[in-house]
Amino acid sequence: VGYRTTANPARWKGQLEHLLAQPSKVARRTRQPALPYADMPAFMQALRKQHNTSARALEFLILTGVRSGEVRNATWSEFDLDKAVWTIPAERMKGGREHRVPLSEQALRLVRAQQEVSFCDFLFPSPNRPRDPEADGAPLSDMALTAVMRRMELEAVPHGFRSTFRTWGGEQTAYPRDLLETALAHTLESKVEAAYMHGTQIEKRRKLMQDWADYVDLPKAHGENIIPIKSVNA
């Protein structure tokens, strides 16, 4: 007595889905803590004093504007060093679409340096595996890059550097918004425009990424008013 015998009117499928927005469309998104772009030159100088694989992976993440997982799982077969292009396959991209990353001079230099000490298929292998050429190796853990930032006592997260790059591009350059979004592998509204941007625009994106790499390489004099970032070798 008192129990409903018909279908539940509050169920999602077939009922509320026709009345309410999809949960994924209204879910609250938290903003990732990011470093202001004005602080980037000082941070990069401090980061380059960290002599470990995780620090190099974080540096590469900053130079390329990609996500942490895409860097940590990068393999040598994805790189064309002669053309200075890194092609991330669709299955490793959040949007499920292949992403070509033009490498700046600084990024290419970093990759070549990693090649000299390579012992497995991963560009940034976990140091917890033996340096055995016959071993498959393993990628860095998902907390490896965050750990670098914590040791440097920086209140930001690796993903925040994408926001730093985007803000710099929007406020300090004349590059079109769509070119900046494509560099971050964000999905553009127009599928035709998206295909065009990912294809023929790669040389324009190469100039963008080189300008970004040159900016974060600014001499220390340009960041004299920046609070020093802790330098820790680990």
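Remember, it's a predicted structure, so these values are computed and weren't measured experimentally. (Residues numbered from 1 in each chain as written. Predicted model: local features only at pLDDT ≥ 70, side-chain atom pairs only at ≥ 80, totals over all residues. Heavy atoms only, no water.)

Remarks on the side chain of Arg72
On the secondary structure map, Arg72 appears in helix α4 (residues 68-72). Only 3.0 Å separates the side chain of Arg72 from the backbone oxygen of Leu140, close enough to count as a polar contact. Those residues in contact with Arg72 that sit more than four places away from it in its chain are Phe122, Phe124, Pro139, Leu140, Ser141, Asp142 and Leu145. (Helix = DSSP H or I, 4+ residues; strand = E, 2+ residues; numbered from the N terminus. Polar contact = N/O pair within 3.5 Å; in protein donor to acceptor, adjacent residues only side chain to side chain. Contact = heavy atoms within 4.5 Å.)

Some remarks on the environment of Arg56
Mapping Arg56 onto the fold places it in helix α3 (residues 53-64). According to the relative accessible area criterion, Arg56 is buried, its value standing at 15%. In this structure, the C-alpha to C-alpha distance between Arg56 and Gln114, residues 58 residues apart in sequence, is 8.6 Å. (Buried < 20%, exposed > 50% of the residue type's maximum accessible area, 1.4 Å probe, protein only.)

Section: the packing of α3 against helix α6 (residues 144-151)
At a minimum axis distance of 9 Å, the contact between α3 and α6 shows a crossing angle of 100°. In terms of axis orientation, α3 runs roughly perpendicular to α6. Touching Ser54, Ala55, Ala57, Leu58 and Leu61 of α3 are Ala144, Leu145, Val148 and Met149, all from α6. Residue classes in the contact of α3 with α6 are distributed as eight nonpolar, one polar and no charged. (Axes fitted to C-alpha atoms, helices over the stretch in contact; angles between N-to-C directions. Parallel < 35°, antiparallel > 145°, perpendicular 65-115°, else oblique. Nonpolar A, V, L, I, M, F, W, Y, C, P; charged D, E, K, R; others polar.)

A closer look at the confidence of the model for the chain
Of all residues in the chain, 71% attain a pLDDT of 70 or more, and the chain-wide mean is 83. With pLDDT under 50 throughout, residues 221-234 is counted as low confidence; its partners more than four residues away or in other chains account for 23 contacts. (pLDDT = per-residue confidence, 0-100.)

What to know about the packing of aromatic side chains
Applying the stated criterion to the full structure yields twelve aromatic pairs. Aromatic pair Phe60 and Phe79: ring centres 6.2 Å apart, planes at 50°, arrangement tilted. With Phe60 in helix α3 and Phe79 in strand β1 (residues 79-80), this pair connects stretches of sequence that are 19 residues apart. Residues Phe79 and Trp86 carry aromatic rings whose centres are separated by 5.3 Å and whose planes lie at 5° to one another, so their mutual orientation is stacked. (Phe/Tyr/Trp six-rings, centres within 6.5 Å; stacked < 30°, edge-to-face > 60°.)

Focus: α3
Under the 1.5 Å per step criterion, the end-to-end length of α3 is 16 Å for twelve residues, consistent within 8% with the ideal 16 Å. Taking burial as the measure, the twelve residues of α3 include twelve buried ones, the bulk of the element. Listed as buried for α3 are Thr53, Ser54, Ala55, Arg56, Ala57, Leu58, Glu59, Phe60, Leu61, Ile62, Leu63 and Thr64. Once α3 finishes, Gly65 follows within two positions and takes phi at roughly 70°, a positive value. (Expected span 1.5 Å × (residues − 1).)

Here we look at the environment of Ala174
With respect to the helices and strands, Ala174 occurs in the loop between α7 (160-172) and α8 (177-183). Sequence separation of Ala174 and Leu208 is 34 residues, and the distance between their C-alpha atoms is 10.0 Å.

Examining the packing of helix α2 (residues 40-47) against α3
Two numbers describe a pair of packed helices, the interaxial angle and the distance between the axes. Where α2 contacts α3, the two axes come as close as 10 Å, and the packing angle between them is 150°. As the angle between them shows, α2 and α3 are arranged roughly antiparallel. Where α2 crosses over α3, the two elements pack in a sense that is left-handed. Facing Met40, Phe43, Met44 and Leu47 of α2, the residues of α3 in contact are Ala55, Arg56, Leu58, Glu59, Ile62 and Leu63. Broken down by class, the residue content of the contact of α2 with α3 amounts to eight nonpolar, no polar and two charged. (Left-handed = near helix turned anticlockwise from the far one by under 90°.)

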